[in-house]
Each structure stands twice: as C-alpha cells, then as structure tokens.
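Structure at a glance
The primary structure of each chain is shown beneath.
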Amino acid sequence: AKNAQEKGAKLVIIFNSEKQGDNLDENPLFDNGTGEGITIPVLLISNTEGKAITKELTEGSGSVDLRVRFFAYHPDNDVEWEIWYSSSDAGTYDLMAGFHSTNFKLENFASMTPHFITFPQQEGWNDKTVEANCVSDGKYCFADSRLDTSVTGKDIIMENLRQMCIFQIYREQTKDLDPEPYWLYIEKFRLDCMQKGDFTEECSIEAMKKSEVTPSKITTCVTESFEKGNEKNDNKLLKNERRRQDSLKVFYIPYILINDRPFYGNYSTENLLYTICMDIKDMKTSPECQKWYSSLPHDKEVTDEVTREGVSAGAIVLILFFIVVTFIFIFFLYRRHLRNTVNKDLNMQVNTAVSQYFALAETNSGR
C-alpha cells in the first residue's frame, strides 16, 4: 500500500492468492509496522473475486471497471465505540492518552467502553505455564513476549480486571459514560507501572490513590468476580468478555468498534475523531466535530452532492466547462477557415475580372 501510494494510487485492492482465501474473517489485514503515513484506503477481497478480476485483465478485455463507495453509519447522534486491548499494550495507551482530551470535548455525543482480550490455554502447555499465564484453571490466559520475563500473563489478566472494575464502578457511581477516574488511572498506571514493567497490585494501588480511585472498592470487585473468590474458579467478568470477543472474532489488539462496526485504518487520534464525527447523524450538533470539519482543507471535504451514477456535481460542471471551451475553439477554427476560403474565392474572382478587363482593353485598342 505504501509503495502504491507513493506511485500515485488512490486506492489499493488486495486478494488472497491462497485457495482458502475466501473467508475474509480468517484472513484480516494487519499493519506490519510500516503503515505509518498511509492515507489511501486498502481493501481485501476474496480469492474468488480476485481471480475473476485477474482473468478479465489477462484473458478478457484487459481492463476492469470497479467502483468502490464508502458509507458512514450514523443512526442517531449518539456514537458508541469500544476498544479491545490488554493492560500490557503500550500502543493502546499512547492512542488513548492522545484521545483523552478530545473524547471529553465530544461531550455526550460519544462514549467509550474498554474491553480486554484473553485466550484459552495453548495445547502443550504444562501446569507451570498455565499457572503463570492463566486464571480460572486455564480458561483465560494471556502472554506478552515483549515484556520482561518477570511479568506473567496472570499479572496482566489481574491488571485487566482492575481496570475493568475501575471503569464499571465509576461509570455507575458518577453516572458518566466516560468516567474521569478511569482515564486518570490508566495514564498513571502507564507512566508509573507499565513502563517500568511493574504489574504488581502494590504499584496499581499507588496509581489508584493518585487517580481519585478507592483501592478497597477495586480489590473487592476483582475478588468477587471469581466464583467464591477463588482464582481457580470461573470469572464472571472475563466470561462476559470472552463471549463478546468470540462473537466479534477479536483476536488482535488494539481492536476498535464504532457503532458496532470495525474501525479500519491508521490508529491515530485524528482518524478516530474523523470516524466518530462522521458517524454522528447531524454533525452540526457537536461543536467539536463542527470545529474539526470546518478546519478541513477543501480537497479533504466529503460532500453528499453525488449523482446516482456516482459523478459529483463539481465533476459535471467541469465537464460542461470543457465542452463549452471545446465548442468555442472549434467555432473559431471554422470561422477562420471560412474567412480564408471566402477571401481566396474573392481574390480569384477579382483577378479573373481584371484579366478580362485588360484583355478587352487590348482588343479595343487594336481596332
């Protein structure tokens, strides 16, 4: 996509050449770390569709006419978005830290809900590995090879539970869809604990105290989320998360849904704001979105003035302009040609008349 964009492409279509490439849910597109700066859309199509296009290009007419349209989904003026992540993922923290202030400026138009990803124990894991990386006897596991070996998957899951409890408790307590204590806590935890590789409960509690969070409430919430308070038993919070994770087929992080639709593209504050604002039915009702929309350069504006055939009103005006200019140019050439032809005929007639006059004059003088 990056190479195509640098060569002037406006859109990239990729198809999976593997025979099993028809199931797009099992073959998602990922950023391999080189996607920074890509602004053009990138689409993944099935193996069958890709082969049909290739066949037409190589064995058919040699060209294919494709039309791609993008639609914003905005049923009302309330945008609900959720982000799936893990407490160990630095990239997600950076994204959320950048979006924090912007999210509050959106006021009541957008609300965020955090979710946490886990996996069942892997085949071949021994009891020691399960003990270090899982809870609930191997039902919910996580492993992050990017972290120091002293941080276990279980440490990460317990921190996920603490963050989940902070969000749920303070959303209910403050009646705020985006409770401020949660945002304050994840920022403190990121700086004071995660970046130092400290996922202990002690570090978490210190971060809570700096974030207007009551540690005892969170400890109780985490303990009671396990059946009978035993970490070997099932966990109701993680159970609900896994059920939704499986229904959405979430298996990588960060994963963002906006109005129950996956968000694809560069994970940046600007792109998130763009998508959320476009999903508000009447963007003018949100001052922050209206301010952002008004600041867009003209060539980035999105217009609804589109004909049924997909040609914009501006394109129609431009076509008509070229038609008129072409007509005037042809008329000028024709008029010039006509004038030259008339002048040539007139000169020929004058020369003929003059020749006849001199011939007649010589005949009369000879008499």
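Just so we're clear, the structure is a prediction, and the values are computed from it rather than from any experiment. (Residues numbered from 1 in each chain as written. Predicted model: local features only at pLDDT ≥ 70, side-chain atom pairs only at ≥ 80, totals over all residues. Heavy atoms only, no water.)

**Some thoughts on the environment of H115**
Note on placement: H115 falls in strand β4 (residues 110–116). Classification of H115 by relative accessible area gives buried; the value is 10%. Through-space distance from the C-alpha of H115 to that of Y85 is 6.4 Å; in sequence the pair is 30 residues apart. Here E241 takes part through its side chain, which lies 2.9 Å from a polar atom of the side chain of H115. (Helix = DSSP H or I, 4+ residues; strand = E, 2+ residues; numbered from the N terminus. Buried < 20%, exposed > 50% of the residue type's maximum accessible area, 1.4 Å probe, protein only. Polar contact = N/O pair within 3.5 Å; in protein donor to acceptor, adjacent residues only side chain to side chain.)

**Some thoughts on the state of the cysteines**
A full pass over the atoms with the stated rule returns three disulfides. Through a disulfide, C165 is tied to C221; the S-S separation comes to 2.1 Å. Taking the torsion about the sulfur-sulfur bond, which here is approximately -80 degrees, the covalent link between C165 and C221 counts as left-handed. Placement of C165 in helix α5 (residues 153–174) and of C221 in helix α8 (residues 215–224) is noted, with a sequence separation of 56 residues between them. (Disulfide = S-S within 2.5 Å.)

**Notes on the packing of aromatic side chains**
Here the structure, examined in full by the defined rule, presents 10 aromatic pairs. Among the aromatic side chains, those forming a connected cluster through ring pairs are Y85, Y93, F116, Y185, F189 and F199. (Phe/Tyr/Trp six-rings, centres within 6.5 Å; stacked < 30°, edge-to-face > 60°.)

**Overview of the nonpolar core**
Counting 58 residues, the largest nonpolar core has W81 and Y182 as its most contacted members. The biggest single contributor to this core is α5, with nine residues. (Core = buried A, V, L, I, M, F, W, Y, C linked by side-chain atoms within 4.5 Å.)

**Description of unusual backbone geometry**
With omega at -10 degrees, the peptide bond leading from I253 into P254 counts as cis. Even without being a glycine, E212 presents a positive backbone phi close to 65 degrees. Its place among the elements puts E212 in the loop between α7 (201–209) and α8. The class for E212 is exposed, based on a relative accessible area of 61%.

**Some thoughts on the sheet that holds strand β3 (residues 79–85)**
Ordered in space as β4-β3-β7-β8, the four strands form an open sheet in which the pairing is mixed. The open sheet has two edge strands with one neighbour each: β4 and β8 (261–262). Together, β3 and β4 form the strand contacts of α5, whose direction differs from that of β4 by roughly 150 degrees. Against the sheet, helix α9 (residues 236–248) contacts β3, β4 and β7 (255–258), and its axis sits at roughly 100 degrees relative to β3. (Pairing = 2+ DSSP bridges. Contact = heavy atoms within 4.5 Å. Axes fitted to C-alpha atoms, helices over the stretch in contact; angles between N-to-C directions.)

**Some words on the pairing of β7**
By the alternation rule, side chains of β7 split into Y255 and L257 and I256 and I258, which are all buried. Relative to β7, β3 runs antiparallel, the two sharing four bridges. Bridged to W84 within β7 is Y255. Bridge analysis of β7 against β8 gives two bridges, and the strand direction is antiparallel. Bridged to L257 within β8 is P262. Here β7 hands over to β8 after two residues, with N259 in that stretch at a positive phi of 55 degrees.

**Re the pattern of salt bridges**
By the definition in use, this model includes 11 salt bridges. Across the pair K232 and E131 runs a salt bridge whose closest N-O atoms are separated by 2.9 Å. Of this pair, K232 sits in the loop between α8 and α9 while E131 sits in helix α4 (residues 127–133), placing them 101 residues apart in sequence. For E131, a relative accessible area of 42% translates into the label partly exposed. R162 is the partner of E159 in a salt bridge, and the nearest nitrogen-oxygen pair spans 2.9 Å. Of this pair, E159 and R162 both sit in helix α5, three residues apart, which is roughly one turn of that helix. For the pair shown, E159 and R162 are each scored as buried. Through salt bridges that share partners, E82, R244 and D260 make up one connected network. (Salt bridge = Lys/Arg side-chain N within 4 Å of Asp/Glu carboxyl O.)

**Quick look at the environment of S136**
Tracing the backbone shows S136 in the loop between β5 (134–135) and β6 (140–141). With a relative accessible area of 2%, S136 lands in the buried category. Remark: the alpha-carbon pair of S136 and N235, spanning 99 residues in sequence, is separated by 6.8 Å. In this structure S136 touches F226, E231, K232, N233, D234 and N235, once residues within four positions along its chain are discounted.

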